[in-house]
Amino acid sequence: MTSGEDWRYAIAPPQDERDRLLSHAAGLVSRRLGSLTDSGPLNGRLDRETIRDRLSAFDFDEPVDLAEAATELAALLGESGVQSAHARCFGLFNPTPAFPGVVADMLAAAWNPQLAVWSHASGAVEAEHHVLAYVARRLEFPDEAGASHFTTGGSEANATALNVALTRLFPGFADQGLAALPRRPRVYASAESHLAWLKIVHQAGLGREALRLVEVDGEGRLDLGALDRALAQDIAHGHAPAMVIATAGTTNAGVLDPIEGVLAAARSAGAHVHVDAAWAGAAAFSDRLRPCLKGISQADSITVDAHKWLSAPMGAGMFFCRRKAWLAAAFRVSTDYMPQNAVGLDPYVLSQQWSRRLVGLRLLLILTSLGRAGVARQIEHQAAMGALLKTKLASAGWRVINDSPLPVVCYVDPQGADPSRIAQRVVDRGRVWISPTRTQGVACLRSCITSFLVEPADLDLLIAELGAARQAPGS
Ligand SMILES: *Cc1c(COP(=O)(O)O)cnc(C)c1O
């Protein structure tokens, strides 16, 4: 057989071979998920040279057995970078993937529906609507079919919010663009908001200066007085407030902006109100925590990421819009080759993507496997671990500097040890992962309970590692 002749066997193996490969892959996945509480190092030690060297073995000249290649690539992933899925990665909102979400991803790949149009993937589109409607109800937000959709992540959802706001508020924008507008649109978010907003205003053509980063109060929340002043100033200068963002759960410190106050200020300036609840939106699943999102149900649009606190595998954001008509105006298009939009629910004319993967199955299977009470308990477990971490940090002589009901903790050494240096030492020791950050201008350490696997013993280990890093010479 000349090289390449067995491509049919590789691209679509017969059943025996398929079963062998699938059980091999299942073994890899199962061992991986079972290793996420192991005491091994969290940080891959491989340097760039070694990574490239190992990848160069895949020269694509001769076919390699899929099981062998999968084993090697799984090993490479596990030995390089930060293992953010690990229980003791106290990281940047990236979760341990929930098992039902992992299964969902394989199903979605194998069925491979194309969700651009309803008629081609009616079951898949309806399945996504079904789960989105449930999340919307938890947020006490209208759940009109087609007014919400899955996105690649919070950034796409946030960019969608801006497109909706501009299209909805400025009649000339859709057809003539920004040049047609009599006044320059401005966007407002707190100084502690997620700075993907800079990229979003840039890409929308507003220019980065259109983003007003409003001062925060002593707790890190958007300062309503400062917002009022910024709005009044801009209106006086002939600018047009287009969108005001309330961040529910800042990346740095889990701080929640006063949503109701933001709503009132934005409404009187005629602006669209978006709540960026990418991480903390999951609090809506807990009756106990949901009050911290008070006011969210009155927003014009909302971002929640399923791939953060809801533990879906990566690439699963959600965008919720008060009216489907706003999305339809922002994403309208018609082509000769796309099927007729008979039901008015074709995702490609209601969202940014065209070809669209079935993403919602991850959250659907997570919610259905855990059940309502199970999801609430998972969320509350993580919140409880966050509260316990605060107590343990205080007893170990650290000073907690953020105030959030959610499980992200910012802290400093009262003796003034340099947070970056401490974080580096902790990370170098490899048993836990934390990061340095800066909140309200103060350099600090940050630890977030991103994994549902965290138990009190993991917190004790974190405290011990922090202690060791603080005592090391040169702190
Ligand atoms: C994570 C996050 C984002 C960005 O979302 P991605 O899913 O990373 O694209 C935006 N805002 C907030 C508050 C976030 O936590």
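The structure this text deals with has already been given above.
Read on for an overview of the structure.

Conventions adopted
- Residues numbered from 1 in each chain as written.
- Predicted model: local features only at pLDDT ≥ 70, side-chain atom pairs only at ≥ 80, totals over all residues.
- Heavy atoms only, no water.
- Near = heavy atom within 4 Å.
- Polar contact = N/O pair within 3.5 Å; in protein donor to acceptor, adjacent residues only side chain to side chain.
- Areas by Shrake-Rupley, 256 points an atom, 1.4 Å probe, with all protein chains shown as cover.
- Helix = DSSP H or I, 4+ residues; strand = E, 2+ residues; numbered from the N terminus.
- Nonpolar A, V, L, I, M, F, W, Y, C, P; charged D, E, K, R; others polar.
- Contact = heavy atoms within 4.5 Å.
- Buried < 20%, exposed > 50% of the residue type's maximum accessible area, 1.4 Å probe, protein only.
- Pairing = 2+ DSSP bridges.
- Axes fitted to C-alpha atoms, helices over the stretch in contact; angles between N-to-C directions.
- Expected span 1.5 Å × (residues − 1).
- Arc of directions from axis to C-beta.
- Parallel < 35°, antiparallel > 145°, perpendicular 65-115°, else oblique.
- Left-handed = near helix turned anticlockwise from the far one by under 90°.

## Notes on the site of the ligand
Okay, so step 1: The ligand sits among 13 residues. The nearest are Gly154, Asp276, Asp305, His307 and Lys308.
Okay, so step 2: A distance of 2.7 Å separates an oxygen atom of the ligand from a polar atom in the backbone of Gly154.
Okay, so step 3: Within the contact set of the ligand, an oxygen atom lies 2.9 Å away from a backbone nitrogen or oxygen of Ser155.
Okay, so step 4: Relative to its unbound accessible surface of 380 Å², the ligand loses 86% to contact with the protein.
Okay, so step 5: Per-element tally for the shell around the ligand: the top contributor is helix H7 (residues 154–169), with three residues.
Okay, so step 6: Among the residues making up the shell around the ligand, the classes are represented as two nonpolar, eight polar and three charged.

## So, the side chain of Ser351
Okay, so step 1: For Ser351, the location among the structural elements is in the loop between helix H12 (324–331) and helix H13 (360–395).
Okay, so step 2: Side-chain polar atoms of Ser351 contact the backbone oxygen of Pro347, separated by 2.8 Å.
Okay, so step 3: In this structure the side chain of Ser351 is engaged in a polar contact, spanning 2.7 Å, whose partner is the side chain of Arg356.
Okay, so step 4: Sequence-distant contacts of Ser351, defined by excluding residues within four places in its chain, comprise His149, Phe331 and Arg356.

## Some details on the pairing of strand S9 (residues 408–412)
Okay, so step 1: With five of five residues buried, S9 is to be regarded as a mostly interior element.
Okay, so step 2: The side-chain alternation of S9 yields two buried faces, one formed by Val408, Cys410 and Val412 and the other by Val409 and Tyr411.
Okay, so step 3: Pairing of strand S8 (residues 399–400) with S9 involves two bridges; the strand directions are antiparallel. Its bridge partner being in S9, Arg399 is matched across the sheet by Val412.
Okay, so step 4: Relative to strand S11 (residues 442–448), S9 is paired through four bridges, and the arrangement is antiparallel.

## Digging into the pairing of strand S5 (residues 272–276)
Okay, so step 1: Across the five residues of S5, five count as buried, placing the element largely inside the fold.
Okay, so step 2: Side chains of S5 alternate between two faces, with His272, His274 and Asp276 and Val273 and Val275 buried alike.
Okay, so step 3: Pairing between strand S4 (residues 240–247) and S5: five bridges, direction parallel. Counted as the bridge partner of Ala246 is Val275 from S5.
Okay, so step 4: In terms of strand pairing, S5 meets strand S6 (residues 301–305) through three bridges, oriented parallel. By the bridge assignment for S6, Asp276 is matched with Thr303.

## Notes on the sheet that holds S5
Okay, so step 1: As summarised here, the arrangement of the seven strands in space is S1-S7-S6-S5-S4-S2-S3, forming an open sheet in which the pairing is mixed. Strand pairing shows two members of the sheet lacking a second neighbour, strand S1 (148–151) and strand S3 (211–214), which therefore form its edges. Each strand axis lies, on average, 20° off the axis of its neighbour in the sheet, ignoring direction.
Okay, so step 2: Pairing of strand S2 (residues 185–190) with S4, which is carried by four bridges, proceeds in the parallel orientation. By the bridge assignment, Val187 is partnered in S4 with Met243.
Okay, so step 3: Along the sheet, helix H9 (residues 196–203) contacts S2, S3, S4 and S5; its crossing angle with S3, the most-contacted strand, is approximately 155°.

## Some thoughts on helix H2 (residues 15–34)
Okay, so step 1: For H2, built from 20 residues, the straight-helix expectation of 28 Å at 1.5 Å per residue is met to within 8% by its first-to-last C-alpha distance of 28 Å.
Okay, so step 2: Listed as buried for H2 are Glu17, Leu21, Gly27 and Leu28. All buried residues of H2 project into a common sector of 115° when viewed along the axis, lining one side. Among the exposed residues of H2, those pointing more than 90 degrees away from its buried face are Gln15 and Asp16.
Okay, so step 3: Residues of H2 that are buried in the fold lie against helix H1 (7–11) and helix H4 (66–79).

## What to know about the packing of helix H5 (residues 99–111) against H13
Okay, so step 1: Orientation of H5 relative to H13, taken along the N-to-C sense of each, is 140°, at an axis distance of 8 Å. Between H5 and H13, the angle falls in the class oblique. Along this stretch, H5 crosses H13, giving a crossing that reads as right-handed. Across the interface between the two elements, Pro100, Gly101, Ala104, Asp105, Leu107 and Ala108 of H5 pack against Leu361, Arg362, Leu365, Ile366 and Ser369 of H13.
Okay, so step 2: In terms of residue class, the contact of H5 with H13 is built from seven nonpolar, two polar and two charged.

## A short note on the sheet that holds S11
Okay, so step 1: Ordered by their spatial adjacency, four strands build an open sheet running S8-S9-S11-S10, and the pairing between neighbours is antiparallel. Edge positions in the sheet fall to S8 and strand S10 (435–439), since each of these pairs with one other strand and no more.
Okay, so step 2: Contacts from H13 reach S8, S9 and S11 within the one sheet, and its direction differs from that of S9 by about 15°.

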